Structure formats: C-alpha cells, structure tokens
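Each chain, written out:
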Amino acid sequence: ENDGSYRGCIRVHLNLSRPINIVAGTRPPSIYDILQEDRTMEKTLTSFYMPRDCVKAIHITSKTTTREVIVALLRKFKVVDNPQKFALYERTYETQQSQ
C-alpha cells in the first residue's frame, strides 16, 4: 500500500484446551446479542471441544490488531464465548537446510 501498510492472509491453527459455546441453530448471534436480549433463557447454548489443530485462514492488514484477529476467528467458527477468554500466540518453525 502507499502508506507503507500491507495486507495478506494468515493461517491460524487452533488448539483450544477448553470447550467452546455456540448457539444451537443455523446462525448464532454474538455473545453480546445474547446478553442484550430479554429472552436469554430461550437460547440453547451448546458446548463442545473443538478438534485439535483446526485451521482457518483470514485476511489481515498490518494494522489489524490481535483482538480483531481473535474476533474474526470466533465469528468464522460461530463461537459466542467472550473474545477476552482467548489469546493468540505466534509459533515459528526453524528448518534445517542440508548442505
């Protein structure tokens, strides 16, 4: 970009150690939508453990914050848990080059 920023795609491998919550149905609202509605008891939350090493690719820019990445991932998986319960870690691999 002209302002020095860049855009691209990252692949995120999810390794969650706790169960996640989704709203039963086709298109769950966010946790904030659930909390703001008076009929929260009518919503059916379903909790389950996500399989390890699920991968999602998301488009980002150099100005995308960690919180925005987490929120985008939760939306893609339709998770209604609070984004503050999650953290993002960078994992790098070093490959040995043969000589």
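Here is a short report on the structure shown in this document.

Cut-offs and rules
Residues numbered from 1 in each chain as written. Predicted model: local features only at pLDDT ≥ 70, side-chain atom pairs only at ≥ 80, totals over all residues. Heavy atoms only, no water. 1 Å grid on protein atoms, 1.4 Å probe; cavity = no way out; pocket = protein on both sides within 12 Å on 5 of 7 lines; lining within 4 Å. Points joined across faces, edges and corners; volume = space filled by probe spheres on them. Helix = DSSP H or I, 4+ residues; strand = E, 2+ residues; numbered from the N terminus. Nonpolar A, V, L, I, M, F, W, Y, C, P; charged D, E, K, R; others polar. Buried < 20%, exposed > 50% of the residue type's maximum accessible area, 1.4 Å probe, protein only. Contact = heavy atoms within 4.5 Å.

For the rest of this paragraph, the subject is the layout of surface pockets. A volume near 970 Å³ is recorded for the largest pocket. Together, 33 residues line the largest pocket, and His 13, Leu 14, Ala 87, Leu 88 and Tyr 89 are the ones closest to its centre. Secondary structure elements with two or more residues in the lining of the largest pocket: strand 1 (7-14), strand 2 (20-23), strand 4 (54-61) and helix 2 (66-76). It is strand 1 that provides the largest number of residues to the lining of the largest pocket, a total of 5 residues. Of the residues contributing to the lining of the largest pocket, the split by class is 20 nonpolar, 7 polar and 6 charged.

A word on helix 2. Every buried residue belonging to helix 2 is among Val 69, Ile 70, Val 71, Leu 73 and Leu 74, and all of these are buried. Along its buried surface, helix 2 packs onto strand 1 and strand 4. Backbone geometry just after helix 2 places Lys 78 at a positive phi near 60 degrees.

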